[in-house]
Amino acid sequence: MSTSNYSFKNRCVSILCCKFCKQVLSSRGMKAVLLADTEIDLYSTDIPPTTAVDFIGTCYFTEICQCKLKDIACLRCGNIVGYHVIVPCKPCLLSCNNGHFWMFHSQAVFGINRLDSTGVNLLLWGNLPEAEESTDEDTLDISEEEYIR
Ligand SMILES: [Zn+2]
Ligand SMILES: [Zn+2]
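Residues numbered from 1 in each chain as written. Chains lettered and ligands numbered in written order. Predicted model: local features only at pLDDT ≥ 70, side-chain atom pairs only at ≥ 80, totals over all residues. Heavy atoms only, no water.

A. Quick peek at the coordination of the zinc ion (ligand 1). Around the zinc ion (ligand 1), the protein contributes the donor atoms Cys-65 (SG), Cys-67 (SG), Cys-89 (SG) and Cys-92 (SG), at 2.2 to 2.3 Å from the metal centre. Because the angles between the 4 donor atoms bound to the zinc ion (ligand 1) fall within 104 to 114°, the donor set is best described as tetrahedral. All donors of the zinc ion (ligand 1) come from a single chain, and their spacing in sequence reads C-x1-C-x21-C-x2-C. Of the two residues, Cys-67 sits in the loop between β4 (53–61) and β5 (68–74) while Cys-92 sits in helix α2 (residues 90–95), which places them 25 residues apart along the sequence. Considered together, Cys-67 and Cys-92 belong to a single accessibility category, that of buried residues. (Donors = N, O, S within 2.8 Å, 3.2 Å for Na, K, Ca; no water. Tetrahedral: all angles 85-135°; square planar, octahedral: opposite > 155°, others 65-115°. Helix = DSSP H or I, 4+ residues; strand = E, 2+ residues; numbered from the N terminus. Buried < 20%, exposed > 50% of the residue type's maximum accessible area, 1.4 Å probe, protein only.)

B. A look at the pairing of strand β8 (residues 109–113). In terms of burial, β8 is largely enclosed, as 5 of its 5 residues are buried. Here β8 shows two buried faces, one formed by Val-109, Gly-111 and Asn-113 and the other by Phe-110 and Ile-112. When strand β1 (residues 14–18) meets β8, the two strands line up antiparallel, connected through 5 bridges. Looking at β8, one finds that Ile-15 is bridged to Ile-112. (Pairing = 2+ DSSP bridges.)

C. Structural detail: the confidence of the model for the protein chain. The predicted model of the protein chain averages 82 in pLDDT, with 76% of residues at 70 or higher. Below pLDDT 50 for its whole length, residues 134–149 participates in 25 contacts with residues either more than four positions away or in separate chains. (pLDDT = per-residue confidence, 0-100. Contact = heavy atoms within 4.5 Å.)

D. View of the pairing of β4. Here 6 bridges tie β4 to β5, and the two strands are oriented antiparallel to one another. Bridge pairing links Tyr-60 to Leu-69 in β5. Counted between consecutive antiparallel strands, the loop separating β4 from β5 contains 6 residues.

E. Structural context of a nonpolar patch on the surface. On the surface, Phe-55, Ile-86 and Val-87 cluster together to form a nonpolar patch covering roughly 230 Å² of accessible area. Along the chain, Ile-86 turns up in strand β6 (residues 80–87). Judged by its relative accessible area of 34%, Ile-86 is partly exposed. (Patch = residues over 30% accessible without salt bridge, like charges linked within 9 Å, V, L, I, M, F, W, Y side chains within 5 Å. Areas by Shrake-Rupley, 256 points an atom, 1.4 Å probe, with all protein chains shown as cover. Salt bridge = Lys/Arg side-chain N within 4 Å of Asp/Glu carboxyl O.)

F. Structural context of the nonpolar core. The biggest cluster of nonpolar side chains holds 14 residues, and the ones touching the most others in it are Leu-25, Val-53, Val-81 and Phe-104. Mapped by element, the contributors of at least two residues to this core are β1, β5 and β7 (102–105). Sequence-distant contacts of Leu-25, defined by excluding residues within four places in its chain, comprise Leu-16, Cys-17, Cys-18, Pro-49, Ala-52, Val-53, Cys-74, Val-81, Phe-104 and Val-109. The next biggest cluster of nonpolar side chains, apart from the first, holds 10 residues, and it includes Leu-42, Tyr-83, Val-85 and Cys-92. (Core = buried A, V, L, I, M, F, W, Y, C linked by side-chain atoms within 4.5 Å.)

G. Structural detail: the coordination of the zinc ion (ligand 2). Of the protein atoms, only Cys-18 (SG), Cys-21 (SG), Cys-74 (SG) and Cys-77 (SG) coordinate the zinc ion (ligand 2), at distances of 2.3 Å. Geometry at the zinc ion (ligand 2) is tetrahedral, judged from its 4 donor atoms and the angles of 101 to 117° they form at the metal. Binding-site remark: the zinc ion (ligand 2) is held by donors from one chain whose sequence spacing is C-x2-C-x52-C-x2-C. Since its relative accessible area comes to 3%, Cys-74 is described here as buried.

H. The side chain of Gln-23, seen in detail. You can see Gln-23 is positioned in the loop between β1 and β2 (24–33). For Gln-23, a relative accessible area of 17% corresponds to the buried category. A polar contact of 2.9 Å, which involves the side chain of Gln-23, links it to the side chain of Arg-76. Sequence-distant contacts of Gln-23, defined by excluding residues within four places in its chain, comprise Leu-16, Cys-17, Cys-18, Cys-74 and Arg-76. (Polar contact = N/O pair within 3.5 Å; in protein donor to acceptor, adjacent residues only side chain to side chain.)

Right under this line is the structure:
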């Protein structure tokens, strides 16, 4: 099953910011929708956003599957912004082949579409350099027009 790979590469890369304090949480965000519950909008990322968030509370399991989760909170304002899949369950590990185990609630973060090096086209996951570091927030030039919500 490699169909998810195709759509994954054509997804926009988003900069994720905390809705409460506007802190940038990740520059490699992707909008995701949980298959089990399509009512819930989520953003996800593959690189640990450890400079912007920290773990809070204790581990818990979802009602949907056996993934072991822990909530993450914004380091600047302390609000819970999402969760990290600490130990994915087998079905999720097999289906989540893009390595995105850091999830952000859409009620707590907003995404800004990133542009590619031309500054005109949206940056897609398929065009994202593999070795890119997540510490390039300082060089990002965000204008008001790029807000998607
Ligand atoms: Zn799971
Ligand atoms: Zn915050």
